[in-house]
Amino acid sequence: MRRFPNRRLAAILALGFAPLALLSSACAAIASPDGWASPVVAGELLLISHDDELFAVDSSTFSARWAFPPDGEDIDPVALYGTPGASTDTVFIPTHKDTLYAINADDGQLAWPPFETDGSLIGGVVVSEDTLYFGSNDGRVYALDVASGSIRWAPFPTGEPVWSTPALANGMLLVTSLDGKLYVIDAADGRLAWTFDTGAGVASPPVVDEATGQVYLAGFDGKLRAVDLETHEENWSVSAGNWFWTEPLVSGGVVYAGSLDGKVYAVDAATGDLVWEPFDTGEPVRSAPVLAGESLIVVNRAGEVFGLDPETGVDAFGSPLLLSNDVLADPLAVEGEDGPLIIIVTTNGNLIQINPATLQLVTTRPLGG
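To start, this report covers the structure provided alongside it. (Residues numbered from 1 in each chain as written. Predicted model: local features only at pLDDT ≥ 70, side-chain atom pairs only at ≥ 80, totals over all residues. Heavy atoms only, no water.)

Reading across the sheet, the four strands line up as E25-E26-E27-E28 and stay open at both edges, with antiparallel pairing between neighbours. Each edge of the sheet is formed by a strand with only one pairing partner; in this case those strands are strand E25 (290-292) and strand E28 (321-322). The pairing of strand E27 (residues 304-308) with E28 spans two bridges and is antiparallel. Note on E28: the bridge partner recorded for glutamate 304 is leucine 322. (Pairing = 2+ DSSP bridges. Helix = DSSP H or I, 4+ residues; strand = E, 2+ residues; numbered from the N terminus.)

Now the structure itself:
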């Protein structure tokens, strides 16, 4: 049974959305959350989370460097959902226990005192040269000084909790909220520039496409939208059969996004037309798609890994690679010694490396082992 951040999701489910298997167990499992933070590269480190632990390994050799929580510290993260952020020498870890931690990248020890909010931290952290930004379940967006953790500007209030990672673009901070709105905030002073209302909750990060001057929003109403950054109006939308709860991927003028209806959508960024018929994986897709080599890698909830031709949507390998465990975290494409690798963390804590050129398993080992 999968576990979800808090009772707000149970309330959303009660509004009449058609939940699939991924969502049907939420109410019964809310009391004991399990994290699904995605792996991320931070300089020479690869940060890999499972449940309530984060492991920092060398991004080239995959040898262990340190783990969070640090030894000797009385820290209980409860769960890690949000993707960590990083500056040159510090890693910033949002936790379900209402608290953000700043960790020295070289030794894994606390860099400055923990910063507490009034709500769980479900979304990730985005970092500029001197400021880090994140949202909270308390319905506020925070901006902290990278070096000290001091507050840069008064927390910005949204109408409902923020479960997504903010995005930075052209001096603006873009934030989505469960109130259905996109908030565009001046990153320097925290003042609101403009908003866009989707009318439904949004838990996916906004994705800025500077080539088309659009931001893409994937929402709980089953719509993927393109909003014009200049006019602040919707340019197009595409409907799925269930929620979009993945971060859209933009490449080569195409927007790729998975849905809890089990399908992957490829949309022309300029027109909103489908580039190919949605590819049905057979299970809800919570993880974001990634491009590696010549393949669009898609992982569904059941741990089935597909390699699609990004131009046609055809399954390039004929059948998926089966991981034998659920996957909710986004996969990560990295450059290995012999070429591209896909890093996947399963819900039972296995770290898996896949060759995207062959869709074959390279290694699998338990985290912490």
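Turning our eyes to something else, we now look at the pairing of strand E18 (residues 214-218). For E18, the buried fraction is high: five of the five residues fall into the buried class. Every second residue of E18 is oriented toward a common face, with Gln214, Tyr216 and Ala218 on one face and Val215 and Leu217 on the other, all of them buried. Here three bridges tie strand E17 (residues 207-209) to E18, and the two strands are oriented antiparallel to one another. Residue pairing across strands places aspartate 209 opposite glutamine 214, the latter belonging to E18. Hairpin connection of E17 to E18: four residues between the antiparallel strands, including glycine 213 at a positive phi of 70 degrees. Here E18 runs beside strand E19 (residues 223-228); their pairing, made up of five bridges, is antiparallel. Along E19, the bridge assignment pairs alanine 218 with leucine 224. The hairpin turn running from E18 into E19, its antiparallel successor, is four residues long, and glycine 222 in that turn takes a positive phi close to 75 degrees. (Buried < 20%, exposed > 50% of the residue type's maximum accessible area, 1.4 Å probe, protein only.)

Moving on, we get to the sheet that holds strand E22 (residues 254-258). Here we have four strands laid out as an open sheet, ordered E21-E22-E23-E24, and antiparallel in their pairing. Each edge of the sheet is formed by a strand with only one pairing partner; in this case those strands are strand E21 (249-251) and strand E24 (274-280). Between one strand and the next, the sheet's axes are offset by a mean angle of 15 degrees, whatever the strand orientation. For E22 and strand E23 (residues 263-268), the ladder comprises five bridges, and the chain directions are antiparallel. Across the sheet, the residue bridging to tyrosine 256 is alanine 266, located in E23. (Axes fitted to C-alpha atoms, helices over the stretch in contact; angles between N-to-C directions.)

Per the counting criterion, the structure on display carries 17 aromatic pairs. On the basis of an interplanar angle of 15 degrees and a centroid distance of 5.4 Å, the ring pair of phenylalanine 134 and tyrosine 142 is categorised as stacked. Accessibility assignment for this pair places phenylalanine 134 and tyrosine 142 in one class, buried. Taken together, the ring pairs in this structure connect Trp36, Tyr81, Trp163, Phe220, Trp243 and Trp245 into an aromatic cluster. (Phe/Tyr/Trp six-rings, centres within 6.5 Å; stacked < 30°, edge-to-face > 60°.)

The next thing to look at is unusual backbone geometry. Here the bond from phenylalanine 68 into proline 69 is cis, since omega is 5 degrees, no more than 30 degrees from zero. Positionally, proline 69 belongs in the loop between strand E4 (64-68) and strand E5 (85-86). With a phi angle near 55 degrees, aspartate 51 is a residue other than glycine that sits in the positive phi range. Summarising the element assignment, aspartate 51 is placed in the loop between strand E2 (45-50) and strand E3 (53-58). Unlike most non-glycine residues, leucine 359 shows phi in positive territory, near 55 degrees.

What follows concerns the pattern of salt bridges. One pass over the full model with this rule turns up nine salt bridges. The residue arginine 140 makes a salt bridge to aspartate 118 at a minimum N-O spacing of 3.9 Å. A residue pair is termed long-range when its members are at least 10 positions apart, and arginine 140 in strand E11 (residues 140-145) and aspartate 118 in the loop between strand E8 (110-116) and strand E9 (126-127) qualify at 22 residues. Here arginine 140 falls in the partly exposed class, since its relative accessible area comes to 32%. For aspartate 118, a relative accessible area of 65% puts it in the exposed group. Arginine 140 is the salt-bridge partner of aspartate 138, the closest N and O atoms lying 3.7 Å from each other. Aspartate 138 sits in the buried class, given a relative accessible area of 18%. In the salt-bridge network here, residues are joined through shared partners; they are Asp118, Asp138 and Arg140. (Salt bridge = Lys/Arg side-chain N within 4 Å of Asp/Glu carboxyl O.)

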